[in-house]
Amino acid sequence: MINKLVLENLRHRPIRTLLSTVAIGVQVCMILTLVGLSRGFLQDQQRRARGIGADIFIQDSGASALSLSVGFPEKVIRFIEKQPHVTMATGALMQSTGALSMVTGLDLPEFQKMSGSFRFLHGRAYEQPDEVIVDDYYARQHNLHVGDRLMILNRPWRVSGIFEQGKMARVIIPLRTLQDLTQNNGKVTWIYVKLDSPDNTQKVIDYLKALPGMDRFRVLSVQDLVSQFSVQNIPMLEGFIGVVIGLGVVVGFLVVFLSMYTAVLERTREIGVLKALGASPGFVLSVVLRETSILAVLGAVTGILVTYGTKWLITTFAPGGLIQEIVPDWWAIAAGIALVGALLGAAWPGLKAARQDAIEALSYE
Amino acid sequence: MSETSILSVRDLRKVYRVGDVDVHALRGVDLEVARGEFLSVIGPSGSGKSTLFHILGGLTPPTSGSVSMDGRDLLAMSDRQRTDLRKRTVGFVFQKYNLLPTLSARDNIRIAQYIARHEGTDDPHFADVLKLLGIDKRLDHKPRAMSGGEQQRVAIARAIVNHPAILLADEPTGNLDTENSNAVLNLLRDLNKRLGQTILMITHNPEAAAFGHRVVTMRDGRMVHPAA
């Protein structure tokens, strides 16, 4: 019966119920979208790292898996190539072109020897210094076709080919051109190493690390590299997620506080009636908290559904580099955060209702 | 308190504070109500009728005196015990009906049962009461779809559904026209006659008061014609 009373209360004020639900839904959606974007970005990085086909990755020791330190002389590649079990090595230069986007410079013939040919869906590999190849994801988002012009690093490039995503990078240009443009002649960001057998990976890593002068480099297996694509390794992301969750709790608190406060004021007389019927303060508080919990659950479901919408929006309209994953393992967490914020917001109005003097409430107009 | 008495009030006083002023709402009320009696309390505004109603209903504690209702001492009761009293021992009928607007008539009655933990009890006898009240066909309607008379009859059903020892009615016809007033008063008299329901009705209307077995008058916080 108490649940019926709660449901009827929610039905009685549909606009307030709708607005509260939407506001809580926005909070849940905000959390899930941010986590989904982080995870999408990281999983995309992992997938493309695996797509390189290298067994060992070498990077300057001052960098991380997600930062772009430049400082590798290319001659290190030739040195690595001479080591035992190494069948080939190649390098790549990466340059940031925006918040989450970058361009990669590759010696394409050499790289394809290591990882196999790019699978071109349209066009061909670049042959001229001002040509660029992009993956189908990037092409779709930017509505690019073979022959189109694309501005990167403040200069126009001609799209010569569109390749299947999942390999290395989204936007690739000739290594020498990128080195020239960024004044990094003879330098690379990463060295990729292919071995005679993946079984020798750890042995070669140990060997390379023991070589004189190699202490200034980080030598990683695929597993090591992939494990570095985590929220903790993206500068300030963990803190940012914390801030968004905090904001979510505050928004939920304020929305529900306002909603339930007005509801309690509006229902002062009804609260008096319930008390006259023998309802205890706990019963009255329970009505408010149950109503709040239902709003939080409805809001959480709304928020979860809206994340499918944000994913579609991002896929359709956002610039390249943004990928949102649906994160079911965070649904309960986000719903829990919404519930906590909502219950905190309902606590004071609920206590006010529970403590309401029955006689005053009954005379309330 | 005699053996047949259900309510015994002795030297009941209530003082409450408004700002810096002590207001003596009740100045020593004595009252005896027999089991099965229909008693009308009449008096002008400010005579203390409503304060007496609130104290007898356990909505506010008295300042001093003694009140024994169905063998229970109201003065010694804690808030929790007074809440319990409202669940089972007293039923309220208000001037403004005070039905919950979001619930149907049936659910307005059921919520009183639920709060008193009587929900689920199949009471065929109560179905007869609903017929007597003339609301058995209107139970699925919400208050806004009912006339004032119908709402007040639902309020009466809600007040007696838990078989209270005493039904307290505060100006039950105050918001009704003459026809509906007479209907409600006749129903109260029928309930008293057929079910033996003890009723204490507060009113300022002498014609309404005349429906009771006995009329007592209050003025300035005292019984002018106490009946014992």
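My aim in this report is to walk through the structure given alongside it, one point at a time.

About the cut-offs
- Residues numbered from 1 in each chain as written.
- Chains lettered and ligands numbered in written order.
- Predicted model: local features only at pLDDT ≥ 70, side-chain atom pairs only at ≥ 80, totals over all residues.
- Helix = DSSP H or I, 4+ residues; strand = E, 2+ residues; numbered from the N terminus.
- Rg over C-alpha atoms; globule rule 2.2 N^0.38 Å.
- Buried ≥ 20, exposed ≤ 12 C-beta atoms within 10 Å, placed from the backbone.
- Contact = placed C-beta atoms within 7 Å.
- Nonpolar A, V, L, I, M, F, W, Y, C, P; charged D, E, K, R; others polar.
- Pairing = 2+ DSSP bridges.
- Axes fitted to C-alpha atoms, helices over the stretch in contact; angles between N-to-C directions.

## A closer look at the overall build of chain B
Argument step 1. Counting its regular elements, chain B contains 7 helices and 10 strands.
Argument step 2. Computed over C-alpha atoms, the radius of gyration of chain B comes to 17 Å, within 12% of the 17 Å expected from 2.2 N^0.38 for 228 residues, which places it in the range of a compact globule.
Argument step 3. If one aligns the C-alpha atoms of chain B with their principal axes, the spans along those axes are about 45 × 40 × 35 Å.
Argument step 4. The burial tally for chain B puts 49% of its 228 residues in the buried class.
Argument step 5. Within chain B, contacts between residues at least 6 apart in sequence are counted, and of these 72% link residues at least 24 apart.

## Section: the interface of chain A and chain B
Argument step 1. Counting residues at the interface gives 19 residues for chain A, matched by 20 residues for chain B.
Argument step 2. When grouped by side-chain class, the residues that make up the side of chain A that touches chain B number 11 nonpolar, 4 polar and 4 charged.

## Let's talk about the environment of L200(B)
Argument step 1. When you line up the elements, L200(B) lands in strand β8 (residues 198-203).
Argument step 2. Ignoring sequence-local partners within four residues, the contact set of L200(B) consists of V33(B), L39(B), V41(B), L56(B), I166(B) and L168(B).

## What to know about the sheet that holds strand β4 (residues 64-69) of chain B
In a beta sheet, neighbouring strands pair by backbone hydrogen bonds and run either parallel or antiparallel.
Residue and element names in this part refer to chain B.
Argument step 1. Strand order across the open sheet formed by 4 strands is β2-β1-β4-β5, with antiparallel pairing between neighbours. Where the open sheet ends on each side, the last strands, each with one partner, are β2 (21-34) and β5 (72-73).
Argument step 2. As paired strands, strand β1 (residues 5-18) and β2 are joined by 11 bridges and run antiparallel to one another. Note that in β2 the partner of R17 across the bridge is D22.
Argument step 3. Against the sheet, helix α1 (residues 49-56) engages β1, β2 and β4, with an angle of about 65 degrees to β2.

## Examining unusual backbone geometry
Residue and element names in this part refer to chain B.
Argument step 1. In this structure, Y97 takes a positive phi of about 65 degrees despite not being glycine.
Argument step 2. Checked against the element boundaries, Y97 lands in the loop between β6 (90-93) and α3 (105-115).
Argument step 3. Classification of Y97 as buried rests on a count of 23 C-beta atoms within 10 Å.
Argument step 4. We note that D220 has phi near 50 degrees; this positive angle belongs to a residue other than glycine.
Argument step 5. Examined against the element boundaries, D220 turns out to sit in the loop between β9 (214-219) and β10 (222-223).
Argument step 6. Given 14 C-beta atoms within 10 Å, D220 falls into the partly exposed group.

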